[in-house]
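Analysis of the macromolecular model
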Amino acid sequence: MAPMIMNPFRFGSAAGAGGWVELGRTSGSRASGATLDVGSLPDKRYYMVLYETQGSSTHTCDYRLNSDSGTNYAYRASQNGTAETTNTSTNFMFGDYGGQGGDKFAVAYFANQNTKEKLGMSHQVRQGSTGSTAPTRAGYVHKHAQTSNPISTISLLNRGPNTSTSGEIVVLGWDPEDTHTDNFWEELDSVTLESANASLDSNTFSGKKYLMIQLALIPNSTDSIGVDMQINSDTGTNYPFRRSTNGGADGTWTGFNEFTPYPSAGNFPIFVNMFWINNTSNEKLGIAHSISANTTGSSNIPERREDVMKWVNTSNQITSLQFGTNTVGQFGTGSTLKVWGSD
Amino acid sequence: MAWGKNGTETLTSASLDLDLGVSTALTKYKFSVYLTHVLNDGTGINNDSAPSLIMDNVSSASYANRVSANGGSDSTFASQTKEYLSLNTIKDDFFSVVYFCAIDGEEQLMLSWTVDAKSSGAGTAPNRDESINKYTGTSQFERVDNNNNRGSTYGYEYDTDSNATILGTD
């Protein structure tokens, strides 16, 4: 049953000025040791960076700022929820554990103040093998010990040993002085339930290369809800994924006909935030973070999930999303799905 | 409705406050992204509290938190007076990214990630924090206060050029 929709698109509010704006992008292959650079960046307080790469042979996706190849970086990283790795005085910002080819996608943020060390964080998903293999995930924090200049170039470095055959890095910016209205993230779809429903489905939306998705879910009455998800109404077993629950060890799931960004059902609100790389001819890779409120009241601790997901489809872009409660309950009135995108 | 700026403040001098929505309430939005880049002024004792946020100036026990530091097991804290961005105290520059979900009539939820610069220089690795919080207030928030052991007792101030920013959309 299709959900009732109210206010599917609303424009013209005071909001809309000064969101993330694209500052530049560079695409192409990267031989071992080569970078994709986005230079001549204006001095913005914050940067949001998206990258995606392909290449069947082992390559990496690390960062450099201002083309600095000196030993001026330090990092901390965790792969698949395992014990963290740290390193200091490196000549790059570690953004990829290496040892893998395949498609990769990450979302990063950097803080930029010219007289201060530059700080960053990123979340990455790696395809691994094509097909039913679950993807891998990693989280990083970065430091560039450079206090003389603002960030002017952000580079994606390939430490090799092989070539990344294609890819792209996109740099977005935000600054307090910004007044632009040409936001990078375009609203592709917005659905709010006007009455309780067991599903919350998008309309068909334009296929865009990068997707950002938010789900604000509330249960109907005393119903329990979780979250399951299909793409383009695909009911095949094309949804391998990896998850950590409350910071615990990762599990992997293959052979499923849906993702479950939040599988545990309860009579609690749930918030899911996702990013996807959505190239037609590549498997689609997603990163999701979720929180469930748990029972009402501050004495009850919320729960969290961290997922990376792979939609095994190399023929179509994601152009619709179908969400269910993963139980017999219904989503309540006011539950909302937002889909943002950009090429 | 497009994402847009809802509030921002950059300190022009060291201050005990780095708050949004104080003089003019923030617009209420269902979804928000909050970014803060806090700079240490290098004075005072600022290691008695972890970075945190206070919503709508409510400092009663209206918050519940789950946080992991450096990939360690989650720690949980019930009936707190603030939303924690970090498990540990931070006395260095730090940068946090927070995604808020605020549905009117429901408890408000947040996902956050923080990088703590630690000691200056490339010889010290930064720290990493992941946290989730809920605020039991059920009216969409209109104010967000940065809170990191503020107060004249300890003398710590956010340094000049510290920034807090919030973007929002419905």
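Residues numbered from 1 in each chain as written. Chains lettered and ligands numbered in written order. Predicted model: local features only at pLDDT ≥ 70, side-chain atom pairs only at ≥ 80, totals over all residues. Heavy atoms only, no water.

When you go through chain B residue by residue, the secondary structure sums to 0 helices and 12 strands. N-terminal to C-terminal, the α/β element order of chain B is β-β-β-β-β-β-β-β-β-β-β-β. Per-residue burial over chain B gives 62% buried out of 170 residues. Residue pairs in contact within chain B that sit at least 24 positions apart in sequence constitute 74% of those at least 6 positions apart. When the accessible surface of chain B is totalled, it reaches about 5,200 Å², and 40% of it is carbon and sulfur. (Helix = DSSP H or I, 4+ residues; strand = E, 2+ residues; numbered from the N terminus. Buried < 20%, exposed > 50% of the residue type's maximum accessible area, 1.4 Å probe, protein only. Contact = heavy atoms within 4.5 Å. Areas by Shrake-Rupley, 256 points an atom, 1.4 Å probe, with all protein chains shown as cover.)

This next bit is on unusual backbone geometry. Backbone torsion omega between G160 of chain A and P161 of chain A reads 10°, so that peptide bond is classified as cis. The phi dihedral of S221 of chain A falls on the positive side, at around 50°, and the residue is not glycine. Owing to a relative accessible area of 57%, S221 of chain A belongs among the exposed residues under this scheme. One non-glycine residue, S79 of chain B, adopts positive backbone phi at about 50°. Position of S79 of chain B relative to the elements: it lies in strand β6 (residues 75-80).

Once that is clear, we can look at the environment of F323 of chain A. All names here are of chain A. Along the chain, the position of F323 falls in strand β22 (residues 321-324). The exposure class assigned to F323 is buried, which follows from its relative accessible area of 1%. Once residues within four sequence positions are removed from consideration, F323 is found in contact with A198, S199, L200, D201, L215, V227, D228, M229, M274, F331 and L337.

Ranked by internal contacts, the top residues of the largest apolar core, which has 46 residues, are W20, M48, Y109 and W185 of chain A together with F95 and Y99 of chain B. For W185 of chain A, the residues in contact, after removing those within four places along its chain, are W20, M48, L50, L172, Y210, L211, M212, F275, W340 and G341 of chain A together with W3 of chain B. Counting 30 residues, the second largest nonpolar core, distinct from the first, contains M229, F241, F259 and Y262 of chain A. (Core = buried A, V, L, I, M, F, W, Y, C linked by side-chain atoms within 4.5 Å.)

A few words now on the interface of chain B and chain A. With 72 residues of chain B in contact, the opposing surface of chain A contributes 80 residues. Note on chain B versus chain A: buried area summed over both sides is about 5,900 Å², and carbon and sulfur give 63% of it. The tally of links between chain B and chain A comes to 3 salt bridges. Of the charged contacts in the structure, one is a salt bridge between E84 of chain A and R128 of chain B, with a shortest N-O distance of 2.7 Å. Scanning the region where chain B abuts chain A turns up 33 residue pairs in polar contact (both at pLDDT 80 or more). Breaking the side of chain B that touches chain A down by element, the ones donating at least two residues are β1 (4-10), β3 (31-38), β5 (63-69), β6, β8 (94-101), β9 (108-116), β10 (127-135) and β12 (163-169) of chain B. For the side of chain B that touches chain A, the leading source of residues is β8 of chain B, giving 7 residues. Grouping the amino acids of the side of chain B that touches chain A by side-chain chemistry returns 31 nonpolar, 28 polar and 13 charged. (Buried area = accessible area lost by both parts, 1.4 Å probe. Salt bridge = Lys/Arg side-chain N within 4 Å of Asp/Glu carboxyl O. Polar contact = N/O pair within 3.5 Å; in protein donor to acceptor, adjacent residues only side chain to side chain. Nonpolar A, V, L, I, M, F, W, Y, C, P; charged D, E, K, R; others polar.)

On to the sheet that holds strand β2 (residues 35-38) of chain A, then. Residues and elements named next belong to chain A. Taking strand neighbours across the sheet as the criterion, the 3 strands line up as β2-β10-β4 in an open arrangement whose pairing is antiparallel. Of all the strands in the sheet, just β2 and β4 (62-65) have a single pairing partner and so form its edges. Strand-to-strand, the axes of this sheet are offset by a mean angle of 25°, without reference to chain direction. (Pairing = 2+ DSSP bridges. Axes fitted to C-alpha atoms, helices over the stretch in contact; angles between N-to-C directions.)

To continue, consider the packing of aromatic side chains. Taken as a whole and judged by the stated rule, the model has 26 aromatic pairs over all chains. The interplanar angle of 75° and the centroid separation of 6.1 Å between the aromatic rings of F241 of chain A and F256 of chain A together place this pair among those described as edge-to-face. Taken together, the residues F241 of chain A in strand β16 (residues 241-245) and F256 of chain A in the loop between β17 (251-253) and β18 (259-266) connect sequence positions 15 residues apart. Ring pairing ties together the aromatic residues F184, W185, Y210 and F275 of chain A together with Y99 and W113 of chain B, which thus form one cluster. The ring of W253 of chain A carries the charged tip of R243 of chain A above its face, separated from the ring centre by 4.9 Å. (Phe/Tyr/Trp six-rings, centres within 6.5 Å; stacked < 30°, edge-to-face > 60°. Lys NZ or Arg CZ within 6 Å of the ring centre and 35° of its normal.)

Positionally, S298 of chain A belongs in the loop between β20 (284-292) and β21 (303-311). When sequence neighbours within four positions are dropped, the list of residues in contact with S298 of chain A reads A61, S62, Y63, A64, A78, S79 and T136 of chain B.

With that settled, the discussion passes to the environment of G297 of chain A. Within the secondary structure, G297 of chain A sits in the loop between β20 and β21. Here the alpha-carbon distance between G297 of chain A and A83 of chain A, two residues 214 residues apart in the chain, equals 33 Å. With near-sequence residues (within four places) excluded, G297 of chain A lies in contact with E107, K134 and T136 of chain B.

Inspection of the entire model under this criterion finds 27 salt bridges over all chains. The shortest N-O distance in the salt bridge between K209 of chain A and E168 of chain A comes to 2.8 Å. In this pair, K209 of chain A is assigned in the loop between β13 (199-201) and β14 (210-217) and E168 of chain A in strand β11 (residues 166-174), connecting sequence segments 41 residues apart. The class for K209 of chain A is buried, based on a relative accessible area of 16%. Among the salt bridges present, the one from R304 of chain A reaches E130 of chain B, with a minimum N-O distance of 3.8 Å. Placement of the pair is R304 of chain A in strand β21 and E130 of chain B in strand β10, with the two residues belonging to separate chains. R304 of chain A gets classed as buried once you look at its relative accessible area, which sits at 5%.

Glancing now at the sheet that holds β8 of chain B. Residue and element names in this part refer to chain B. Read from one edge to the other, the open sheet built from 8 strands follows the order β1-β12-β3-β8-β9-β10-β5-β6, with strand pairing classed as antiparallel. If you trace the sheet from one side to the other, it starts and ends with β1 and β6, each paired once. Averaged over all pairs of adjacent strands, the angle between their axes in this sheet comes to 15°, without regard to strand direction. Where β9 lies against β10, 9 bridges are found, and the strand directions are antiparallel.

Let us now look at the side chain of K310 of chain A. Residues and elements named next belong to chain A. Along the polypeptide, K310 turns up in strand β21. Residue classification places K310 among the buried positions, given a relative accessible area of 0%. Within the local environment of K310, its side chain forms a polar contact with the backbone oxygen of T133, the two atoms lying 2.7 Å apart.

Our focus in this paragraph is the confidence of the model for chain B. For chain B, the average pLDDT comes to 90, and 89% of its residues sit at 70 or higher. Across the interfaces of the predicted complex, the ipTM metric reaches 0.96, alongside a pTM of 0.95. (pLDDT = per-residue confidence, 0-100.)

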